[in-house]
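# Descriptive structure summary
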Amino acid sequence: MKKPDRNRRLALLTHLALIALVVVLAFPVYYALVTSTLSFREAYQYPPKLLPGGEFWHNIHEAWVRAKFARLFFNSTVISLSVALVKIILSLLAAFAYTHFRFRGAGLLFALSMITQMLPLPVRILPTYQLMADFHWINTYYALTVPFFASTTGILLFRQFFLTVPRELSDAARVDGAGPMRYFWQILVPLSRTNIAALFVIEFIFMWSQYLWPLIVTNTADMRVVQIGLKMLIASEQIAPEWNVIMAGTVIAMVPPLLVLVLLRKSFAQGIAMQSEK
Amino acid sequence: MIEERFPGHPILPYLLVLPSLLVIFVFLIVPFAESVWGSFFVSSFFGSKTVFVGLSNYLELFTSPDYLHSVVVTLLFSSFVVLVGLSASLGIAMLLNQKIGGLGIYQIALVWTYSISPAVAGTIWALLFAPATGLVPWLVSLVAPGYTLNWMTNGPLALFVVSLAATWKMLGYNIVFFLAGLQNIPDELTDAARVDGAGPWLTFRYITLPMLSPTTTFLLFMNMLYAFFQVFGLIDIMTQGGPGDATNLLVYNLYRDAFIHLDSGRANAQSVIIFIVIALAAMLQLRAATRKAVYAR
Amino acid sequence: MKKGIRIGLAALLALTLFGTALAKKVEITWWHAMSGSRLKVVEAIVNEFNETHPNIKLNALYTGKYAETLTKYVAAYRTGTAPNLVQVYEVGTQTMLDSGAIVPVYKIPGMLGQKWDWAQYVIPITNYYSTNGNLWSMPFNSSTAMLYYNKDLFKKAGLDPNKPPRTWKEVEEYGKKLIASGAVKHALSFGWPGWIFEQMFAYHNQLFADHDNGRNGRAQKVLFNGPFGQMVLDTWARLAKEGVFLYGGPEYSANTAFVSGQIAMLIQSTSSLAGIEKGANFKVGTTFLPRFEGYPRGNSVIGGGSLWVTKGQSKEELAAVWEFLKFLAREDTAVQWHKGTGYFPTVNNAVQELLNEGWFSKDQNYLTAFLQILSGRRDTPAATGVRLGPFVQIREIERAAIEKAVSGAATPKQALDEAAAKANQLLAQYNKLH
């Protein structure tokens, strides 16, 4: 059946609007990308240049080597990956307990886990920092990762999903003589692939973006993360910021989370959709 | 409602929740309690001397014009991020929710800003608005010759620019959730409304919006968390609270008092105040979510 | 024969032990806030120190800006993991004095059974960090403020490029001429408003706070909202209204405007000289800070930072730290530091060496700052600069007041009175604790 003309016009308008939106929203990043390809002088030209230059790899190299982004990149990767993975595992275990067992105090403990959402870093920042100092974890991977290992989002997400898993599955497992943990690892976890991927995207991006915490718990260049590296680049110059190198730094900073989001976008969207179906 | 699916394991569930709870207790709950406790003291920079002062830190904050100014700035900033952010994202999500080709590509092309960190967003927008060299001041100078748009010396402008940058970064996130929420609205409802002769505005007001309310309340809360806390990196990179405290959000003021002024009592008091605000918002959201959810069914 | 072998073995054993004792390095850590090009000079100096002192390993770590470094130091100290040596900004002096965490440097030679000549250091610098004539921290990176100006723009406006303004009145006059000639839209700019405000007080021998500027017991009240302070801020506000003065933000942003020729005069730290000369494509001139006529003469204030030694170190570590501090006082090290960063050399020998080799005649601009502090008073607390406990916060309060007055949001008197009230409250709280 052919679409009537009015619908066609509407579709065309929608396309145009969407394309315009994509361009407008992406423009700041485009401008940043262009600046990352310019030389120091070119970046300060007036009127500003809007077409790419030829210094991209030079600037990337400056950021990577001179500004030590190589090490920062490594640190960010280590902490984002490890926290995302540990958070997922811990959330899976906890959600499993809350949905497949009845035990005394479950309600209270569950409520306690939910409270974490109301305790973001700033409401406890000084004592947590002091704790890191007391543990001698300052300027180590421990301080950057362990305090993040618990996640309300994860527990909620998996709990919701586990509740929809039919009882028959666990019954069948029990009949086969499998204990709960075997059931967990061999049946439940594989079943949760989509949610795991969605949570991975959320947690990886969350950890990769961390700024305030790494700012205060790291002391030296070898433990810092990419986000702080950007700040150091901008703040280090007494005269004029090297925008071209700084933008190259932002390119380096943008790639991993973007990659994670793009590669796992289907699972991410599905996971969100599942959560919205209350 | 929870069924015992694996009877005969009295200890296992406790072991399963133990790691999470341990982390939560040691790194979240105990430090928060210490924040509360510490807010009743004043101590020297090196911690060698502490004096109990009761509620004096709180009194000082509430009578301090600088702190109240911070509150106002935070309110303005978050209102902008929430109102502009949610409206724009909803509009875009509704556009995306049409049955047209290339949807997948559009989706990713509009959602990807979610992966950008606040610090990166701040860096990019700092470049855009850099007074002597950025694109936007140049554009403005074309329209108003001789005028240099300098957000480093113009407080309201600086607040506007950081609000814009923060909202821009959050659009992707909001769009994802709105889209999911929209796609969950059964077609029968919107079709029935159309059959009944309701125009797009009425459909939107009486079907779409109410059906979206769980998503909306969720996003309201998440955007509020974002505007209160996660934008720290953006502020630190762009303005450091300036010019002249124009962008001195509550969280930034807290950072300054804690780590630059080394005033732990005052900082802890601010932590507690922020917690009370967030807790209230969380409870409101919870109540709205459960109430509306029942209604939606 | 057997006896010989035994003696030989014993000797070998003794030598080995002796050797390992020698080879055992004392490791010490130094946290500092020198970034960018200054970091390179620090690294060069540290490398040379390590090479010439094989039994010491000095780890110099850049731990962030001054504020961050101090915070981390405090946290580390509280848990017993503080570095041996730390660089703290000048506004942290009172904090460090009250910390109970440090060993005053004047005591160190005695503790190690050594003697040291304290007179070899440049006096206005040591005055800043001394109490009752004793030096508590080691001067390291000291600078002061001076007036930079664009000689080419001066010429363009019909002004003599070798006759920069000496008084604020002349700044105003010249500024108006510069603007009228179309050379610039605004004539003067500066950042670090709090610091420059304090400079004006010391420069004219006016007390900024009571108790002899906080140097004779802890300050209880600030005095900056008195007639002198109002006069200074009145002048700045008027200059701003006339368009002569353009406020340059809280830190270094005014430098860009100067280097790109958008303004003709800049009041800034002497440590910016190297960067400014490098980035400018015009002739850069420098001169003393402008004076307010009719007021007494004082001196410009030392800014920057100094090095503090942590308490509770082992004797080996303390000796190693002291070796490094002695190394810094060497003529060639001090000259290297000055040439690489523009900070003052801290020892008189180095100043003389620089004079002798004609460094200052190669570029007169490096001499300006020196002459300014060496020709000023060094005998009054007002001229030495103020010392306050909650100094960091008070600087921010000053900044807010100056920004308000300059932008016309409040009258100078209102802004200063408000600022003084806040500052006094902070001082009261600080004093209650100590």
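Remember, it's a predicted structure, so these values are computed and weren't measured experimentally. (Residues numbered from 1 in each chain as written. Chains lettered and ligands numbered in written order. Predicted model: local features only at pLDDT ≥ 70, side-chain atom pairs only at ≥ 80, totals over all residues. Heavy atoms only, no water.)

### Describing the overall build of chain B
Per the secondary structure count, chain B includes 12 helices and 2 strands. Starting at the N terminus, the α and β elements of chain B follow one another as α-β-β-α-α-α-α-α-α-α-α-α-α-α. If you line up chain B on its principal axes, its C-alpha atoms span 80 × 75 × 30 Å. Residues classed as buried in chain B amount to 58% of the 297 residues present. Summarising the internal contacts of chain B: among those between residues at least 6 apart in sequence, 67% fall at separations of at least 24. Total accessible area on chain B is roughly 12100 Å²; 72% of this is exposed by carbon and sulfur atoms. Placing the 12 positive and 13 negative side-chain charges of chain B at their respective mean positions leaves the two points 6 Å apart. (Helix = DSSP H or I, 4+ residues; strand = E, 2+ residues; numbered from the N terminus. Buried < 20%, exposed > 50% of the residue type's maximum accessible area, 1.4 Å probe, protein only. Contact = heavy atoms within 4.5 Å. Areas by Shrake-Rupley, 256 points an atom, 1.4 Å probe, with all protein chains shown as cover. Lys, Arg positive; Asp, Glu negative; His and termini not counted. Charge placed at Lys NZ, Arg CZ, Asp CG, Glu CD.)

### Describing the overall build of chain C
Along the backbone of chain C there are 21 helices and 13 strands. The burial tally for chain C puts 60% of its 434 residues in the buried class. Sequence separation of 24 or more characterises 78% of the internal contacts of chain C that already satisfy a separation of 6 or more. Charge separation in chain C, taken as the distance between the mean sites of 46 positive and 35 negative side-chain charges, equals 4 Å.

### What to know about the side chain of Gln87 of chain C
Residue and element names in this part refer to chain C. Along the chain, the position of Gln87 falls in strand β3 (residues 85-89). A polar contact is formed between the side chain of Gln87 and the side chain of Asn141, at a distance of 2.9 Å. Apart from residues no more than four positions distant in its own chain, Gln87 is found in contact with Trp30, Trp31, His32, Ala33, Met34, Tyr66, Thr69, Phe140, Asn141, Ser306 and Leu307. (Polar contact = N/O pair within 3.5 Å; in protein donor to acceptor, adjacent residues only side chain to side chain.)

### Topic: the pattern of salt bridges
Any two side chains of opposite charge can pair, so long as their charged atoms come close to each other. Enumeration according to the criterion identifies 27 salt bridges over all chains in this entry. Here Lys326 of chain C ties to Glu323 of chain C by a salt bridge, and the two come within 3.2 Å at their closest N and O atoms. Taken together, the positions of Lys326 of chain C and Glu323 of chain C, both in helix α14 (residues 315-328) and 3 residues apart, correspond to about one turn of that helix. With a closest N to O distance of 3.0 Å, Asp417 of chain C and Lys413 of chain C form a salt bridge. Taken together, the residues Asp417 of chain C and Lys413 of chain C, both in helix α21 (residues 412-433) and 4 residues apart, mark about one turn of the helix. What makes Lys413 of chain C partly exposed here is its relative accessible area of 44%. Taken together, the shared-partner salt bridges connect Asp66 of chain B together with Lys404, Glu418 and Lys422 of chain C into one network. (Salt bridge = Lys/Arg side-chain N within 4 Å of Asp/Glu carboxyl O.)

### Quick look at the packing of aromatic side chains
Residue and element names in this part refer to chain C. Tallied over the full model, the rule gives 78 aromatic pairs over all chains. Centre to centre, the rings of Tyr149 and Phe154 are 4.9 Å apart; their planes meet at 45 degrees, and the pair counts as tilted. Accessibility assignment for this pair places Tyr149 and Phe154 in one class, buried. An aromatic cluster is built from Trp168, Phe190, Phe197, Phe201, Phe208, Phe224, Phe228, Trp236, Phe245, Phe292 and Tyr295, whose rings are joined through pairwise contacts. (Phe/Tyr/Trp six-rings, centres within 6.5 Å; stacked < 30°, edge-to-face > 60°.)

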